[in-house]
Amino acid sequence: MLSGSLLDKICLFALPLAASSILQQLFNAADIAVVGRFASSLALAAVGSTSSSINLLVNLFVGLSVGANVVIAQLIGQNKQQNIGEAVHTVVSVALLSGAFLLVLGQFAARPLLTLMHTPPDVIELSVRYLRIYFFGMPFVMLYNFGAAILRSKGDSKRPLYCLTIAGVVNVLLNLLLVIVFHLSVAGVAIATVVSNMVSASLILSFLLRESAPFRLSIRRLSLQKNYVLGLIKIGAPAGLQGMVFSFSNVCIQSAINAFGADAIAGSAAANSFEAFAFFPVSAFTQACVTFTSQNYGAHQFDRCRKVFRISLLCGIASNILLISLFLLFRMPLLSLYSANPHVVSFGLIRMLHILPFSWIMCGYEVSAGSLRGMGHSMLPAVITIFGTCIFRLLWVFVIARGSTFAQLTAVYPASWILTTAIMLIMYTALQRRIAKLP
């Protein structure tokens, strides 16, 4: 990462990461499609309505895994071998503690959170059942995310892909068995997800236990080193807070969607899966930007950091546009995979047409935020995103689009992307000018 050409290395890092996320989303989409096709539209609505609440509870700790990536990557750039081993064991310890905390939190927070979101009475019991089972898998989710961050910090994005591929196949097979054969509906989907998370965590753990020094994990050496915990918090907590606030705004939007009924919830959930597919290449090149920038910033190669940003941004936009073009071209058959109910499909179509054509805009603020984090500036992009994607969205939902149509409600996404990207790029440019003046 510190020398030679960048385009090929960034692509070799980002594409397996994008494939990992797309595979994971394919398996999540299979959850929704199986329950929608072989259970009921209510079951589809129950599973689909929980994603924003899950993200609200989980994103703080996912943000800490971003901090883990940056901390270890900067140590690599500084060639501090002994410190890398200490950081690895601190990261895994934080992962286990985070997972245990989320497991307990999910059991108590599921019903109150869904009630606050105005989940319809005919959906809420199924949603609560799904969430409570889902959160039993949180220790495994955290172990995978933090373990994958350790591997990615040194440029290895392929083995996390292998873990997700195997776990995803398990997930789909269990979905078909538990929903179609045993008729467990949303409970079957949740159980399948928990088991697949166990598989991916077990695989990532096995890699770390056999890794060469200084990345090799030893259970006996698990500990919390204060300086690395603080490093995780410094970089990861603002990113996690940003994710939580972002998810809070989505919870409010989901609450507004819930007011349109179960068909709108189900259709929105179906369309949202395609937005996730389109986002993952952007996220992959953002992660590449974070990792490459962290190592090069640690080595004081500032010009190379700017090149990393430009390449990551252009690749993110190009891959996003390619995917959204395919989704829009085949939108009707794709939506029909989730439900045969024409009302569900019509709501999904409205969301797709009002959001997907503009999703490439988010590349601007995602990649520039990733570059800022790689240079150790995590609070600035968090504050900008909180304003652009939370405060603005709340104003849209409760003031601008209050009492509006479903189509007007969905327009909040592109509007917030334009605002956040404009502010983030201005701040990124200002920081680069300041760095250019350094001796």
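Refer to the structure above for everything that follows.
In this text the structure is predicted, and so the values were computed from the model without any measurement. (Residues numbered from 1 in each chain as written. Predicted model: local features only at pLDDT ≥ 70, side-chain atom pairs only at ≥ 80, totals over all residues. Heavy atoms only, no water.)

Can you walk me through helix H13 (residues 342-355) in this structure?
Side chains of residues three or four places apart in an α-helix project in the same direction, reflecting 3.6 residues per turn. When the terminal C-alpha atoms of H13 are compared, their 20 Å separation across 14 residues agrees well with the 20 Å that a helix rising 1.5 Å per residue should span. Taken together, the buried positions of H13 are Val344, Val345, Phe347, Gly348, Arg351, Met352 and Ile355. The buried residues of H13 all sit within an arc of 165° when viewed along its axis, so they share a single face. Those residues of H13 that are exposed and aimed more than 90 degrees away from the buried face are Pro342 and His343. The opening residue of H13, the one whose side-chain oxygen lies 2.9 Å from the backbone nitrogen of His343, is Asn341. (Helix = DSSP H or I, 4+ residues; strand = E, 2+ residues; numbered from the N terminus. Expected span 1.5 Å × (residues − 1). Buried < 20%, exposed > 50% of the residue type's maximum accessible area, 1.4 Å probe, protein only. Arc of directions from axis to C-beta. Polar contact = N/O pair within 3.5 Å; in protein donor to acceptor, adjacent residues only side chain to side chain.)

Looking at this structure, I do not really get the packing of aromatic side chains. What am I missing?
The way to describe two aromatic rings as a pair is by their centre distance and the angle between their planes. Taken as a whole and assessed by the stated rule, the structure comprises 15 aromatic pairs. Look at Phe277 and Phe327: their rings are 5.9 Å apart centre to centre, the planes differ by 50°, and that puts the pair in the tilted class. Placement of the pair is Phe277 in helix H10 (residues 262-298) and Phe327 in helix H11 (residues 302-329), with a sequence separation of 50 residues. Classification of Phe277 by relative accessible area gives buried; the value is 7%. In textbook terms, an aromatic cluster arises when at least three aromatic residues are bridged by ring pairs, as seen for Phe274, Phe277, Phe327 and Tyr338. Lying over the aromatic face of Phe215, Lys154 brings its terminal NZ or CZ to 4.9 Å of the ring centre. Between Arg159 and the ring centre of Phe207, over which it is positioned, the NZ or CZ distance is 5.2 Å. (Phe/Tyr/Trp six-rings, centres within 6.5 Å; stacked < 30°, edge-to-face > 60°. Lys NZ or Arg CZ within 6 Å of the ring centre and 35° of its normal.)

In this structure, what is going on with the environment of Pro281? I would like to understand it.
For Pro281, the location among the structural elements is in helix H10. Sequence separation of Pro281 and Leu15 is 266 residues, and the distance between their C-alpha atoms is 7.6 Å. Leave out the neighbours within four places in its chain, and Pro281 touches Ala18, Ile22, Ser319 and Leu323. (Contact = heavy atoms within 4.5 Å.)

Where do I start with a nonpolar patch on the surface in this structure?
A cluster of nonpolar residues, Phe38, Val169, Leu173, Leu176, Leu177, Ile180, Val181, Phe182, Leu184 and Ile191, forms a patch on the protein surface that exposes about 840 Å² of accessible area. A total of six residues in the nonpolar patch trace back to one element, the largest contributor, which is helix H7 (residues 158-181). Considering the arrangement of structural elements, one finds Leu176 in helix H7. (Patch = residues over 30% accessible without salt bridge, like charges linked within 9 Å, V, L, I, M, F, W, Y side chains within 5 Å. Areas by Shrake-Rupley, 256 points an atom, 1.4 Å probe, with all protein chains shown as cover. Salt bridge = Lys/Arg side-chain N within 4 Å of Asp/Glu carboxyl O.)

What exactly am I supposed to notice about the environment of Leu176 here?
We classify Leu176 as partly exposed; its relative accessible area is 33%. Between the C-alpha atom of Leu176 and that of Val189, which follows or precedes it by 13 residues, the distance is 8.8 Å.

Before we go on, may I ask you to explain the layout of surface pockets in this structure?
The method is simple in principle: a probe with the dimensions of a water molecule rolls over the atoms, and the space it marks as empty is what remains. Of the volumes computed, that of the largest pocket is approximately 350 Å³. Broken down by secondary-structure element, the contributors of at least two residues to the lining of the largest pocket are helix H4 (81-116), helix H9 (226-258) and helix H15 (379-400). A per-element tally of the lining of the largest pocket places H9 first, with five residues. Its boundaries defined by the atoms lining it, the second largest pocket holds a volume of some 240 Å³. Looking at the second largest pocket, the residues that line it are Val70, Val71, Gln74, Leu75, Gln78, Asn227, Tyr228, Gly231, Lys234, Ile235, Met375 and Gly376. Looking at the lining of the second largest pocket, the elements that each hand over two or more residues are helix H3 (51-77) and H9. Ranked by residue count, the leading element in the lining of the second largest pocket is H9, at five residues. Class assignment for the residues of the lining of the second largest pocket results in six nonpolar, five polar and one charged. (1 Å grid on protein atoms, 1.4 Å probe; cavity = no way out; pocket = protein on both sides within 12 Å on 5 of 7 lines; lining within 4 Å. Points joined across faces, edges and corners; volume = space filled by probe spheres on them. Nonpolar A, V, L, I, M, F, W, Y, C, P; charged D, E, K, R; others polar.)

What is the right way to look at the side chain of Ser273 in this model?
Relative to the helices and strands, Ser273 resides in helix H10. Overall, Ser273 belongs to the buried group, its relative accessible area being 1%. Dropping the residues within four chain positions of it, Ser273 is found in contact with Gln25 and Tyr338.

Any chance you could explain the pattern of salt bridges here in plain terms?
Between side chains of opposite charge, pairing is possible as soon as their charged atoms come close. For the structure on display, the rule yields six salt bridges. Put simply, Glu211 and Lys154 hold a salt bridge, and the shortest N to O gap is 2.2 Å. On the criterion of sequence distance, the pair formed by Glu211 in the loop between helix H8 (185-209) and H9 and Lys154 in the loop between helix H6 (138-153) and H7 is long-range, its members being 57 residues apart. For Glu211, a relative accessible area of 5% puts it in the buried group. Here Lys154 falls in the partly exposed class, since its relative accessible area comes to 29%. For Arg159, the salt bridge goes to Asp156, with nearest N and O atoms at 2.6 Å. On the accessibility criterion, Asp156 (14% relative accessible area) is buried.

By themselves these figures say nothing about function.
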